[in-house]
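Below, each chain spelled out in residue letters.
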Amino acid sequence: MTDVDLVARIGRGDRIAMKELYERHQAGLYHFVRMKLGDAFEASDVMQDAFMEVWRRADRFKGQSSVKTWIYGIARNKAVDRIRRSTRMTLRETPDDTVPDETPSALAVIEATSDAVRLRACLEKLTAAQKSVVRLTFFEDLTYPEAAEVEGVPVGTVKTRIHHAKKLLMHCLTKGETP
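Throughout what follows, the structure given in this document is the object of discussion. For clarity, every value in this text was computed on a predicted model and none was experimentally measured.

The next subject is the overall build of the protein. The helix and strand tally for the protein stands at 9 helices and 0 strands. Listing each helix as α and each strand as β along the protein from the N terminus yields α-α-α-α-α-α-α-α-α. For the protein, with 179 residues in total, the buried portion stands at 40%. Sequence-distant contacts in the protein: of pairs separated by 6 or more residues, those separated by 24 or more amount to 66%. For the protein, the accessible area works out to roughly 10000 Å², and carbon and sulfur atoms hold 51% of it.

The next point concerns the packing of helix α2 (residues 15–37) against helix α3 (residues 40–57). The interhelical angle for the contact between α2 and α3, taken along N-to-C directions, is 140°, at an axis separation of 9 Å. Overall, the two elements α2 and α3 adopt an arrangement that is oblique. Handedness of the crossing formed by α2 with α3: right-handed. Side by side, α2 and α3 meet where Arg15, Met18, Leu21, Tyr22, His25, Gln26, Leu29, Tyr30, Val33, Arg34 and Leu37 of the first sit next to Ala40, Glu42, Ala43, Ser44, Val46, Met47, Gln48, Phe51, Val54 and Trp55 of the second. Along the lines of polarity and charge, the residues of the contact of α2 with α3 split into 14 nonpolar, 4 polar and 3 charged.

Right, let's talk about the state of the cysteines for a bit. Taken as a whole and judged by the stated rule, the model has 1 disulfide. Sulfur-sulfur distance for the disulfide between Cys122 and Cys172 comes to 1.8 Å. Because the sign of the S-S torsion sets the handedness, a value of about -75° for the bond joining Cys122 and Cys172 places this disulfide among the left-handed ones. Of this pair, Cys122 sits in helix α6 (residues 116–124) while Cys172 sits in helix α9 (residues 155–175), and the two are 50 residues apart along the sequence. As far as burial versus exposure is concerned, Cys122 and Cys172 are alike and both buried.

What the rule picks out here adds up to 3 aromatic pairs. On the numbers, 5.2 Å between centres and 50° between planes, the contact of Phe32 with Tyr72 is tilted. Highlighted residues: Phe32 in helix α2 and Tyr72 in helix α4 (residues 67–87), separated in sequence by 40 residues. Each member of the pair, Phe32 together with Tyr72, is buried.

Basis of the calculations
- Positions within a chain are numbered from 1, following the residues in the order the chain's sequence is written.
- Per-residue local features of the predicted model are confined to residues with pLDDT of at least 70, and side-chain atom pairs are confined, for both listing and counting, to 80 or more; whole-chain, interface and lining totals are unaffected and use all residues.
- Computation of side-chain values covers all heavy atoms of the structure but excludes hydrogens and water.
- Only runs of H or I of at least four residues qualify as helices and only runs of E of at least two qualify as strands under DSSP, and these elements are numbered from the N terminus.
- Burial here depends on accessible area, computed with a 1.4 Å probe over protein chains only, as a share of the maximum for the residue type. Under 20% is buried, over 50% is exposed, and the range in between is partly exposed.
- Working rule for contacts: check all heavy atoms of both residues, and any pair within 4.5 Å makes them a contact.
- Values of accessible area rely on a 1.4 Å probe in the Shrake-Rupley scheme; residue burial ignores everything except the protein chains shown.
- Think of each axis as a best-fit line through the C-alpha atoms, taken over the contacting stretch in the case of a helix, with angles from 0 to 180 degrees between the N-to-C directions.
- Between 65 and 115 degrees an angle is taken as roughly perpendicular, under 35 as roughly parallel, over 145 as roughly antiparallel, and anywhere else as oblique.
- Two helices cross in a left-handed way if the nearer one is turned anticlockwise from the farther one by less than a right angle. They cross in a right-handed way if the turn is clockwise.
- Three residue categories are used. Nonpolar comprises Ala, Val, Leu, Ile, Met, Phe, Trp, Tyr, Cys and Pro, charged comprises Asp, Glu, Lys and Arg, and polar comprises the others, including Gly.
- Two cysteine sulfurs form a disulfide in these notes if their separation is within 2.5 Å.
- Only Phe, Tyr and Trp rings are paired, with Trp represented by its six-membered ring, and only when their centres lie within 6.5 Å; those with planes under 30 degrees apart are stacked, over 60 edge-to-face, the remainder tilted.

This is the structure:
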């Protein structure tokens, strides 16, 4: 059964469909939210809030994006709301839509090292915005437009973040230096 089928069933109040959708997406969504918030307990709360919102709004899902993108967008908005409420700070980044993506492929970046510990250490050196789009595109297999929708930024901003993240990762992984 596809995610779209599950959402349609959830929209009709099917709890079993909700359980299946939750089981499909909870692990990746939890890691995505935890990366945004940096706190396991906050991430769990936000993830649960996001799935409650899915339950409440499933009957209004129009299919203009993938279900996964829709869920991640809800979670991202909930995480941003949580950050704003707790710290009263605003998040801003100036997009640079003019940067072409001429950096190595994601596979080349990851193949640059077989040392998972070193890769994790290099990933931790990226900015929160870079880590977020790397997670969405490399590990959650979202396209740049889908990641842009989840992040609430233009596609060019995602490209810029990926461009800089890949350069920093390659430098860190091939030179043994941290970005």
